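A closer look at the structure
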Amino acid sequence: MVSLAAIGYPMPVADLLLCQCNAIYEREVLVCIRRGARTVDEVGDECDAGTGCGSCRGAIKTMIEEEQQRKGEHSLPPELLALPLFARNKSPKK
Ligand code: FES
């Protein structure tokens, strides 16, 4: 198991039991997502969350969507960042 801190992310405030069937906590699911799992099945392949009764699959899907949204909020395609609109003003206005 890789910790969030090891891959450059702060630890969540609370670590809730997400998948009761397999005793998987939210933190473990988040690590799977941040390591590249993009679907509920991929998370299940990584850590077994969602592979029992299935009642936690909706929560896992929500976590995936929130993480994708969070990533999207903090990154722009390099082509956009190269536009003058996003260029930093290096000299003060006169
Ligand atoms: S609670 Fe996660 S599969 Fe049952």
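A few points on the structure. (Residues numbered from 1 in each chain as written. Predicted model: local features only at pLDDT ≥ 70, side-chain atom pairs only at ≥ 80, totals over all residues.)

Focus on the overall build of the protein
- Along the protein, the regular secondary structure elements total four helices and two strands.
- Secondary structure elements of the protein occur, N-terminal to C-terminal, as β-β-α-α-α-α.
- Counting only residues that meet the buried cut, the protein has 21% of its 94 residues in that class.
- Taking all contacts inside the protein whose residues are at least 6 apart in sequence as the whole, residues at least 24 apart take part in 41%. (Helix = DSSP H or I, 4+ residues; strand = E, 2+ residues; numbered from the N terminus. Buried ≥ 20, exposed ≤ 12 C-beta atoms within 10 Å, placed from the backbone. Contact = placed C-beta atoms within 7 Å.)

A closer look at the packing of helix α1 (residues 26-34) against helix α3 (residues 57-73)
- Across the interface, α1 lies against α3 with an axial gap of 10 Å and an inter-helix angle of 50°. Here α1 is positioned oblique relative to α3, judged by the angle of their axes. Every pair of crossing elements has a handedness; the one defined by α1 and α3 is right-handed. Contacts from Val 29, Leu 30, Ile 33 and Arg 34 in α1 reach Ile 60, Met 63, Ile 64 and Glu 67 in α3. (Axes fitted to C-alpha atoms, helices over the stretch in contact; angles between N-to-C directions. Parallel < 35°, antiparallel > 145°, perpendicular 65-115°, else oblique. Left-handed = near helix turned anticlockwise from the far one by under 90°.)

Some remarks on the nonpolar core
- Counting residues in hydrophobic clusters, the biggest one holds 17 residues, and the most contacted among them are Val 29, Cys 32, Ile 33, Val 43, Ala 49 and Ile 60.
- Of all the secondary structure elements, the ones that give two or more residues to this core are β1 (17-19), α1, α2 (40-47) and α3.
- In terms of residue count, the dominant contributor to this core is α1 (five residues).
- Look past the residues within four positions of Ile 33 in its chain and what remains in contact with it is Val 43, Met 63, Ile 64 and Glu 67. (Core = buried A, V, L, I, M, F, W, Y, C linked by C-beta atoms within 7 Å.)

Considerations on the environment of Gln 20
- Relative to the assigned elements, Gln 20 resides in the loop between β1 and β2 (24-25).
- When the C-alpha positions of Gln 20 and Ser 55 are compared, they lie 9.1 Å apart, and in sequence the two are 35 residues distant.

Some remarks on α1
- Buried residues of α1: Glu 28, Val 29, Leu 30, Val 31, Cys 32 and Ile 33, and no others.
- Residues of α1 that are buried make contact with β1, β2, α2 and α3.
- Looking one or two places after α1, you find Gly 36, whose phi comes out positive at around 125°.

Considerations on the packing of α1 against α2
- Remark: α1 packs on α2, axes separated minimally by 9 Å, with the N-to-C direction vectors making an angle of 110°. Considering the angle they form, α1 stands roughly perpendicular to α2. In this structure, the crossing between α1 and α2 has a hand that is right-handed. For the pair formed by α1 and α2, the contact residues are Glu 28, Val 29, Cys 32 and Ile 33 on the first element and Val 43, Glu 46 and Cys 47 on the second.
- Its residues assigned to classes, the contact of α1 with α2 comprises five nonpolar, no polar and two charged. (Nonpolar A, V, L, I, M, F, W, Y, C, P; charged D, E, K, R; others polar.)

Comments concerning α2
- Val 40, Val 43, Gly 44 and Cys 47 are the residues of α2 that are buried. When α2 is viewed along its axis, its buried side chains cluster within an angular range of 100° and face the same direction.
- Elements in contact with the buried residues of α2: β2, α1 and α3.
- Phi turns positive, to about 75°, at Asp 48, one or two residues after α2. (Arc of directions from axis to C-beta.)

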